[in-house]
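Okay, here's what each chain looks like letter by letter:
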Amino acid sequence: MSYFSFHPGNKSSGSRNTKKKDSVRKAFSDWIIKNYGDDYKETLRKQRSETKNIKLIKQQIIEVDGAEKKPLVGIIGGGFAGMYAGLILQSLGIEFEIFEASNRVGGRIDTWYSTEYDPKSKENKGLYGEVGGMRIPQFSDDMLPVQHLALSLNYVLERNGLTDKMLRWRKFYYNSDYQRLRYNNMKDPILAKEANVNSLNFGKNKGGDLPEVWITEKTAEDGTKYLPINVILDKVNGPFLDAINKSFETGFAKLMRYDNYSMWAYLTNVFTLADLEEYYDPAMGAPCENLSYNIASYLETVNVGTGMYSVSFVEMVIAVYDWDGSKNSYDPEDTNIYMITMNDGMQHFPDACKTVLNLENGVTANDGHLAQVLIGMIKGQNNEYGYSPPNLTKDAEPPTTVPPADPKGTANTNPETPKEKQRVFMNHKVTEARHDAELYDKNGGMRLTIEHTKNGKTETLDREYAYVISTLPNGAYLNGQKHKNFFEGLSFEKTRALRECNYMPAFKAFITFNEQFWKKIGENRQYEVGLGVSASDRSNRQVVYPSYGYDAEKGVLQIYSWAQDAERMGALTDEERVNECLKGIQFMYPEVDIYKYFAGYNDGVTTKTWFWDQHAGGGAFALFNPGQFKNLYPTLLTPEFKGALNIAGECCSVHHGWIVGALDSAYNSVNNILEKMKATKELAKMKATWRQLTTPDVDV
């Protein structure tokens, strides 16, 4: 989550993943279920043991061929969780329907394109930005299912002659030596390469509140220069990461002892100066003392956003693995960060999912298996992992230390005549989902009430399914209807989990400039690649530089902030938000009159801001508060109404804030349905095609 990592004398933290290690996130999920999931496991056992009329439903819905096959599953929401669940079901020959309330798919994956955007124009092809998710770690084992999905979709699109919709990854420039930092009214910004030994005006001698001992330059044994303040997080996270690396069981047990602490509470009530070990200086205070408010404030300010340390300490420690997964897992000596984004905008990704979902046939087992080998999810013919997906732009190609994959055979790209079958229904808002025990020969099922808007007119539809997967953000379950609730009869535990699960606010803005002044200043005058992210303590916080369109004069700078900073930006009018962003950019570039290059305020054309989405119901992504991993996570995974209703979405995973969290939760929901149906053949095919994601391993 932080912009920069400070590791004096320790260029790679103890959390580095290698291809020989299991997924930490999956192990964490399994550990929580094992130790805090008794109710979850017992509920699943009961649901899966109730087999009355299951055979009849299979005969009537799954095993029927041709046009008479009815949808078994209704899916609420056309984000990645909903579409991934649909793609899995499609690959298994099980019918379903997806209902999306808005006029586009993707959920929180949403690209803003200026009305002047033109992918064929040198000047205008870079006039876009990512409102939602904008990057994924390229080599993280936990994140590989996202690349697996994109490559699998490409095989289907190519077979159907839809090559213009095929997906390509390009490099996302997360950091560089030339990104800027400026805090606390520093006279001038500094470059990232100078950050380790700069106090950023936080010292008392510069008008800040940190004692001199914390911001006095020191030299580590290997000659690395550092400030004592910047070794704290290594010392906070290190013991837990080392313990987890040695043993998942004992490491997670050690970490979860502090699940009731926020990050801030841990820093100021548990961590002591003695825990700094070799970096401790008596001038800091007595060894038994905790860190001060001012120290915690500094760490929060330069690493995340205002108020963000109120979330779970466990959440923040485990997040280190996600960010460390951005490094090259094939080469422990490689300290570079590798991230990728979708060429020409992330919106192409969900659009491709929708295209495939609306075809008769989707991803095959051969497609899925080949893609797994090519991205390093499984070993190739040489019994080694490799990475050589064919859908990378030149700048995203892996370094030479990454071995190529060794697959057996090639994809089936023989042309097929596209056969369309609509399964994704846009502008269809589900307003009610209720269980009916009388459906399907009293086996029970779900009834959905749907409002469909077309040409300004709204009609109400009713649908019934044996199973429903609901993937809405939790706030969207407030349906705004006059009399009826979205759900009725949910368990106490599920109702509480949906209400209490913490979501993190986020703010984004996109500001167009007639000239990319940032690439023509100072040392980066000839720097023709992305500059990464600049940061300050202003409410706009991050300035994200584009990872594309370098050869154009025009360019778009993106502003990104979280938590309280985002709430305050979001409370302004649209033009006021833009004005604050412009002041923040000017603060970062005092030597340039940035207003001279500003293309002017014109909502949708030269500017765009995002804080609140009517379809999201508040918050951008889940980020658990203290105690929520052990008390809410198992409940969020538990199906309701004897297995007829599954809740999915990234909040129902341990990968909060990442696309793969949505995929994991969708996989788990489909797995629950297949287990309930005793569909052993389909379960085996799912695992062969999609690999086993982070679904809790529960024997029932």
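Here the structure is a predicted model, which means the values were calculated and not measured.

## Quick look at the overall build of the protein chain
Item 1. Across its full length, the protein chain carries 20 helices and 24 strands.
Item 2. For the protein chain, the C-alpha radius of gyration of 25 Å lies close to 27 Å, the compact-globule estimate for 700 residues.
Item 3. Looking at the protein chain as a whole, 61% of its 700 residues qualify as buried.
Item 4. Contacts spanning at least 24 positions in sequence make up 72% of the contacts within the protein chain whose residues lie at least 6 apart.
Item 5. Carbon together with sulfur atoms contributes 45% to the accessible area of the protein chain, which is approximately 27,900 Å² in total.
Item 6. Of the charged side chains in the protein chain, 80 are positive and 89 negative; the average position of the first set lies 3 Å away from that of the second.

## Quick look at the packing of aromatic side chains
Item 1. In the structure shown here, the tally under the stated rule is 41 aromatic pairs.
Item 2. Relative to F252, the ring of W31 lies with its centre 6.4 Å away and its plane at 55°, an arrangement referred to as tilted. Note that W31 is positioned in helix 1 (residues 24–36) and F252 in helix 7 (residues 248–256), a separation of 221 residues in sequence.
Item 3. Overall, the relative accessible area of 0% leaves F252 in the buried class.
Item 4. Arranged with centres 5.1 Å apart and planes meeting at 80°, the rings of F517 and W518 form a pair that is edge-to-face.
Item 5. Site record: aromatic cluster; members linked through ring pairs are F28, W31, Y36, F248, F252, F624 and F629.

## A closer look at the sheet that holds strand 8 (residues 190–191)
Item 1. Read across the sheet, 7 strands follow the order 8-7-19-20-21-18-22 without closing on themselves; strand pairing throughout is mixed. Each edge of the sheet is formed by a strand with only one pairing partner; in this case those strands are strand 8 and strand 22 (607–610).
Item 2. In this sheet, strand 21 (residues 555–562) lies alongside strand 18 (residues 506–513) in antiparallel orientation, the contact comprising 8 bridges. Within the sheet, the bridge partner assigned to F510 lies in strand 21 and is Q558.
Item 3. Contacts from helix 15 (residues 563–570) reach strand 18 and strand 21, with the element oriented near 120° to strand 21.
Item 4. Here helix 16 (residues 574–588) sits on the sheet in contact with strand 7 (180–182), strand 18, strand 19 (533–536), strand 20 (542–544), strand 21 and strand 22, set at roughly 75° to strand 18.

## Quick word on the nonpolar core
Item 1. Grouped together as the largest cluster of nonpolar side chains are 197 residues, with contacts concentrated most on L149, W169, W214, I232 and F349.
Item 2. No other element matches the 10 residues that helix 19 (residues 659–677) contributes to this core.
Item 3. The contact partners of W214, leaving out residues within four places of it in the chain, are L227, P228, I229, I232, L273, L276, M284, L291 and I295.
Item 4. W518, L557, I559 and I594 belong to the second-largest nonpolar core, a separate cluster that totals 27 residues.

## Some details on the environment of G657
Item 1. In this fold, G657 is placed in the loop between strand 24 (645–647) and helix 19.
Item 2. Given the relative accessible area of 41%, G657 is considered partly exposed.
Item 3. As a C-alpha pair, G657 and P590 span 67 residues in sequence and 34 Å in three-dimensional space.
Item 4. In contact with G657, other than residues within four places in its own chain, are F621, A622 and E650.

## Digging into the packing of helix 2 (residues 38–49) against helix 19
Item 1. Interhelical geometry of helix 2 versus helix 19 gives an angle of 40° and a closest axis separation of 9 Å. Overall, the two elements helix 2 and helix 19 adopt an arrangement that is oblique. Along this stretch, helix 2 crosses helix 19, giving a crossing that reads as right-handed. Within the contact between the two elements, helix 2 uses Y40, L44, Q47 and R48 and helix 19 uses N668, N671, N672, E675 and K676.
Item 2. Across the contact of helix 2 with helix 19, the residue classes break down as 2 nonpolar, 4 polar and 3 charged.

## Remarks on the side chain of T272
Item 1. One can find T272 in the loop between helix 8 (263–269) and helix 9 (293–303).
Item 2. For T272, a relative accessible area of 17% translates into the label buried.
Item 3. Filtering out sequence-adjacent residues up to four positions away, T272 remains in contact with P287, C288, E289 and N290.

## Notes on the packing of helix 5 (residues 144–159) against helix 19
Working note: a packed helix pair is described by the angle between its axes plus the distance between those axes.
Item 1. Contact geometry of helix 5 with helix 19 gives a least axis separation of 8 Å together with a crossing angle of 80°. Taken together, the axes of helix 5 and helix 19 are roughly perpendicular relative to one another. Taken together, the residues of helix 19 that come into contact with helix 5 (itself represented by P145, V146 and L149) are I659, V660 and L663.
Item 2. Considered class by class, the residues forming the contact of helix 5 with helix 19 number 6 nonpolar, no polar and no charged.

## Let's talk about helix 10 (residues 313–324)
Item 1. Between its terminal C-alpha atoms helix 10 stretches 17 Å, which fits the 16 Å expected from 12 residues at 1.5 Å a residue.
Item 2. Across the 12 residues that make up helix 10, a large majority, 11, are buried.
Item 3. Among the residues making up helix 10, those that are buried are F313, V314, E315, M316, V317, I318, A319, Y321, D322, W323 and D324.

## Quick notes on the pattern of salt bridges
Item 1. Counted under the stated rule, the structure contains 23 salt bridges.
Item 2. Among the ionic pairs, R159 bridges to D367, the shortest N-O distance being 2.7 Å. Placement of the pair is R159 in helix 5 and D367 in helix 12 (residues 365–374), with a sequence separation of 208 residues. Both residues of the pair, R159 and D367, count as buried.
Item 3. Linking E580 and K583 is a salt bridge whose minimum nitrogen-to-oxygen distance equals 2.9 Å.

## Let's talk about the sheet that holds strand 16 (residues 467–470)
Item 1. Overall, parallel pairing links the 5 strands, which are arranged 12-2-1-16-24 in an open sheet. Either end of the sheet is taken by a strand with one partner, and the two such strands are strand 12 (424–425) and strand 24.
Item 2. Contacts from helix 19 reach strand 1 (73–76), strand 16 and strand 24 within the one sheet, and its direction differs from that of strand 16 by about 165°.

## Section: unusual backbone geometry
Item 1. Here D344, not a glycine, exhibits a phi torsion of approximately 70°, which is positive.
Item 2. Looking at where D344 falls in the secondary structure, it is placed in the loop between strand 11 (339–342) and helix 11 (348–357).
Item 3. Taking the relative accessible area as the measure of exposure, D344 reaches 30% and is therefore partly exposed.
Item 4. Of note, R541 is a non-glycine position whose phi angle comes to about 55°, a positive value.

The rules behind the values
- For every chain, the first residue of its written sequence is number 1, and the numbers climb from 1 along that sequence.
- At least 70 in pLDDT is required for a residue's local features to be given in this predicted model, at least 80 for side-chain atom pairs to be given and counted, and no such filter applies to totals for whole chains, interfaces and linings, which use all residues.
- The basis for every side-chain value is the complete set of non-hydrogen atoms in the structure, without hydrogens or water.
- Helix and strand definitions here come from DSSP, where helices need a minimum of 4 consecutive H or I residues and strands a minimum of 2 consecutive E residues; each element is numbered from the N-terminal end.
- Using C-alpha atoms as the atom set, the radius of gyration is obtained and then compared with a globule rule of 2.2 Å times the number of residues to the power 0.38.
- Buried means the residue's accessible area, taken with a 1.4 Å probe over protein chains only, is under 20% of the maximum for its type, while exposed means over 50%, and partly exposed covers the values in between.
- We call two residues contacting when some pair of their heavy atoms lies within 4.5 Å.
- Values of accessible area rely on a 1.4 Å probe in the Shrake-Rupley scheme; residue burial ignores everything except the protein chains shown.
- A residue counts as positive if it is Lys or Arg and as negative if it is Asp or Glu; His and the chain ends are not included.
- Charge positions are represented by NZ for Lys, CZ for Arg, CG for Asp and CD for Glu.
- Two rings from Phe, Tyr or Trp (for Trp, the six-membered ring) form a pair when their centres are within 6.5 Å of each other. A pair whose planes differ by under 30 degrees is stacked, one over 60 is edge-to-face, and the rest are tilted.
- Strand pairing requires that DSSP identify at least two bridges connecting the strands.
- Lines fitted to C-alpha atoms define the axes here, with helix axes fitted over just the stretch in contact, and angles between the N-to-C directions of these axes take values from 0 to 180 degrees.
- As used here, the term nonpolar core means buried Ala, Val, Leu, Ile, Met, Phe, Trp, Tyr and Cys residues forming a set that is joined through side-chain atoms within 4.5 Å.
- By the definition adopted for this analysis, an angle is roughly parallel if under 35 degrees, roughly antiparallel if over 145, roughly perpendicular if from 65 to 115, and oblique otherwise.
- Should the near helix be turned counterclockwise from the far one by less than a right angle, the crossing is left-handed, whereas a clockwise turn marks it as right-handed.
- When residue character is reported, Ala, Val, Leu, Ile, Met, Phe, Trp, Tyr, Cys and Pro are called nonpolar, Asp, Glu, Lys and Arg charged, and the others, Gly included, polar.
- To estimate the expected span of a helix, subtract one from its residue number and multiply by 1.5 Å.
- A side-chain nitrogen of Lys or Arg and a carboxyl oxygen of Asp or Glu constitute a salt bridge if their distance falls within 4 Å.

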